[in-house]
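Inside the fold
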Amino acid sequence: MRVALLTGGGDCPGLNAVIYAAVKKGINHYGDEFIGFLNGWRGVLENDFVPLTLENTDGIQLRGGTILHSSRTNVRKVPGGLDKVQEVIKANKIEALIVLGGDDTQSVTQYLCENGIQGVGVPKTIDNDISGTDATFGYDTAVSIATEAVDRIHTTADSHNRVIVIEVMGRDAGWIAYASGIAGGAHVVLVPEKKIDIDHVCALLKYNYDHGKHYGVVVVAEGCHLPEEGQVTGSQQVDSFGHVRLSGIGEALAELIEKKSGYETRSVNLGHTQRGGVPTAYDRLLGQRYGLHAIDMVHQKKWGRIAVLRGADITDIPIKEAIATNRRLDQRFFDVIHDLEAKV
Ligand code: F6P
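Figured I'd write up the structure that's included with this text. Worth saying up front: this structure is predicted, and the values here are computed from it rather than measured. (Residues numbered from 1 in each chain as written. Predicted model: local features only at pLDDT ≥ 70, side-chain atom pairs only at ≥ 80, totals over all residues. Heavy atoms only, no water.)

Helix 6 (residues 175–183) packs onto helix 5 (residues 139–160) with a crossing angle of 45° between their chain directions and a minimal axis gap of 8 Å. Compared by their axis directions, helix 5 and helix 6 come out oblique. The element helix 5 and its partner helix 6 pack so that their crossing is right-handed. Within the contact between the two elements, helix 5 uses Y139, A142, V143, A146, T147 and V150 and helix 6 uses W175, I176, A179, S180 and A183. Split by residue class, the contact of helix 5 with helix 6 holds nine nonpolar, two polar and no charged. (Axes fitted to C-alpha atoms, helices over the stretch in contact; angles between N-to-C directions. Helix = DSSP H or I, 4+ residues; strand = E, 2+ residues; numbered from the N terminus. Parallel < 35°, antiparallel > 145°, perpendicular 65-115°, else oblique. Left-handed = near helix turned anticlockwise from the far one by under 90°. Contact = heavy atoms within 4.5 Å. Nonpolar A, V, L, I, M, F, W, Y, C, P; charged D, E, K, R; others polar.)

Of the volumes computed, that of the largest pocket is approximately 740 Å³. For the largest pocket, the lining is made up of 37 residues, of which G10, R72, R171, E222 and R275 are closest to its centre. Breaking the lining of the largest pocket down by element, the ones donating at least two residues are helix 4 (103–114), strand 6 (163–168), strand 9 (233–238) and strand 10 (244–246). Per-class residue counts for the lining of the largest pocket are eight nonpolar, 15 polar and 14 charged. Counted as a void, the second largest pocket has a volume near 310 Å³. Taken together, 17 residues line the second largest pocket, and the ones lying closest to its centre are V189, K194, H200, I337 and E341. Elements with a contribution of two residues or more to the lining of the second largest pocket: strand 7 (188–190), helix 7 (198–210) and helix 11 (331–340). The element best represented in the lining of the second largest pocket is helix 11, accounting for five residues. Counted by class, the lining of the second largest pocket contains nine nonpolar, three polar and five charged residues. (1 Å grid on protein atoms, 1.4 Å probe; cavity = no way out; pocket = protein on both sides within 12 Å on 5 of 7 lines; lining within 4 Å. Points joined across faces, edges and corners; volume = space filled by probe spheres on them.)

Here is the structure:
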């Protein structure tokens, strides 16, 4: 078959691992031919692509980012977008599309599949918030990076007797904050699923100062709401899927904590460092397993479905199901956070 791949939305460690495995099995096992559209859906609209071969994908499973580049392009918002996509797919004799992306990108895959395009999805996001899968690739790497940062903040916060707030990614769900906060021994872990109680935050920090530890580490997800201000945005611009750019809650929260508690408080925003660099072994492996499954899905004509991890198995579910709601933290995870907090 002639198969096209694309990567949409925020980049994510492990994208190249998916591409590598799908191309390798597709060529060696099925005798497929591949192209890769550049810059996500934009590349399809602009008919911009590169051939993908065993040679030019060799070794890419070790690399971060995406060799196909990415963009946040919403085909539904582009006048004549559907017609253009259908025309480009037809002109290039593409028989199947493998789309690597999060809920926004996959909402486009779903829309196109409803309109006759033969596509399958692979769930990508460091935020780990796609429903129906136990894990998205990239999340493990982001957690490792954030945990290392939290570890490092302990010693400098301790040296200066400060509180330091670390802002991590997580627009709708607090998976990165939860995992890096708990693994890194943060004293306060704040996730978007729960309202911030600033008095409780200050009480947890006071516990430290009252018990001989004159510093505090707070991890906050970018998507949390401050009691009065709500979400903190880096810019008022919205992307083509209607999302504002979140950024700055760490700094705003640090100011609030300092004002309320009197403790000197600083903040650091980990931002895109969480998406950069090489994937962990876990994400390289998960990405490659997803890639192998994706090319099998193509040959089984499982259009409109997305690969998912269930326990130890890779299987697939309808894209519609995976993007219907965000997979968010629930009481089980809130209990972990609560049970590991100081008793105040
Ligand atoms: O969806 C993943 C994510 O990393 C979110 O956590 C974050 O809000 C967003 O992407 C940032 O996107 P961009 O790099 O386009 O600003």
